[in-house]
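Summary of the model geometry
So you can see what is in the structure, the chains are spelled out below.
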Amino acid sequence: MIQAALRLVHLSSPQPGALADFYQATYDMRVETHDEYHRCHAPGRELWFSAGPANQLGHALFRLHDSGSWQAFQARTATLARASTDLPALPAETLVFADPDDNRIGFAPPAAAAPQGGNPTEAPPAVLQHFALRTPQLEDMLAFYRDALGFVVSDLVQTDAGELTAAFLRTDTLHHSLALFRAPFSCFDHQSFETADWHALKVWADRTGRRRTPIVWGIGRHGPGDDVFFMVRDPDDNLAEISAEIEVCRPGRATGLWPHEEWTLNQWGKAILRS
Ligand SMILES: [Fe+2]
């Protein structure tokens, strides 16, 4: 197990300022505008937006939980090809890799100081917890994250004919920090802010409703991960999720296998199937 958590998702967009405005308003984040990117942040959650094609990951950044795990990860990936580090404001010593779809994934050593506590305004705490990618080469992507980087497979989804359609992978005890969906082409799918509980989920839904941002999927409960959730779309049509109660996996938890059907992705019915 890597023992790491997602800390940052960076997306490219033809309208990075509009995305920053959207996430600032919808997710109660502050915006800092830099030369190369807009930084949206609040305690526990951080997103960047820079100029480029829509629906593409600029990079994702994980932080290792402790120095022992960092040393083990460095040793594990010592012979793995590194990707270019021409990314803005990378933490010192960050290791960057390119997956088979050429998404860049960074891993940084443990932070010297714990993140600041508190919340800037009235919204309930919510922490950037996982993200998802669509890919036309799911088997290769799964092999890269599992075998090269050391992600652990929590659950797989497959058709009756045995074709793999989704994979949920974890980097610590939480059920997934990355989900992969088979799709006709490679793109970003969604990121999720994990909030405390049902009540907090309701408060977040009330906030999005007051801002006339419609829920496009949910409220529901995912099969893999068992998390309750709802999703909206940002101005580039990326999905953005608030979730709660994601499964905490016990050591040695067996990989689950689910059928490719709507009831898997939403135990309460309707789902967005990517293939
Ligand atoms: Fe999700």
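Residues numbered from 1 in each chain as written. Predicted model: local features only at pLDDT ≥ 70, side-chain atom pairs only at ≥ 80, totals over all residues.

**Description of the nonpolar core**
Rules: Here a nonpolar core is just a set of buried residues of the types Ala, Val, Leu, Ile, Met, Phe, Trp, Tyr and Cys, joined wherever their C-beta atoms sit within 7 Å. With C-beta atoms placed from the backbone, a residue counts as buried when 20 or more other C-beta atoms lie within 10 Å of its own, as exposed when 12 or fewer do, and as partly exposed for counts between those limits. Secondary structure elements follow DSSP: runs of H or I of four or more residues count as helices, runs of E of two or more count as strands, with numbering from the N terminus. Bear in mind that the domain bounds are from an automatic or database domain assignment. Any pair of residues counts as being in contact when their C-beta atoms, constructed from backbone geometry, are within 7 Å of one another.
Tyr23, Ala60, Tyr145 and Leu180 are the most contacted members of the largest nonpolar core, which totals 57 residues. Top element by residues in this core is helix α3 (residues 138-149). It accounts for six residues. Looking at which domains feed residues into this core, each of domain 1 (4-108) and domain 2 (127-265) supplies at least three. In this view, Leu180 contacts Leu133, Thr135, Leu138, Met141, Leu142, Ala166 and Ala167; residues no more than four positions away in its chain are not counted.

**Some thoughts on the domain arrangement of the chain**
Note the following rule: Under the convention adopted here, Pro, Cys and the residues Ala, Val, Leu, Ile, Met, Phe, Trp and Tyr are nonpolar, Asp, Glu, Lys and Arg are charged, and Gly plus all remaining residues are polar.
One can read the domain layout of the chain as domain 1 (4-108) and domain 2 (127-265). Of note, the centres of domain 1 and domain 2, computed from C-alpha atoms alone, are 18 Å apart. Facing the 32 residues of domain 1 at the interface are 31 residues of domain 2. Breaking the side of domain 1 that touches domain 2 down by element, the ones donating at least two residues are β1 (4-13), α1 (16-27), β4 (45-51) and β5 (56-64). In terms of residue count, β1 provides more of the side of domain 1 that touches domain 2 than any other element does, seven residues in total. When its residues are assigned to classes, the side of domain 1 that touches domain 2 shows 17 nonpolar, nine polar and six charged.

**Describing the sheet that holds β1**
This is how the line gets drawn: Two strands are said to pair when DSSP picks up at least two bridges between them. Lines fitted to the C-alpha atoms define the axes, with helices restricted to the stretch that makes contact. Angles between their N-to-C directions range from 0 to 180 degrees.
Taken together, seven strands build an open sheet; the order of strands is β2-β3-β4-β1-β5-β7-β6 and the sheet is mixed. In this open sheet, the two edge strands, each paired with only one partner strand, are β2 (30-33) and β6 (95-98). Shown here is a sheet whose adjacent strand axes are inclined to one another by a mean of 20°, direction ignored. The sheet contact formed by β1 and β5 spans eight bridges and is antiparallel. Within the sheet, the bridge partner assigned to Ser12 lies in β5 and is Gln56.

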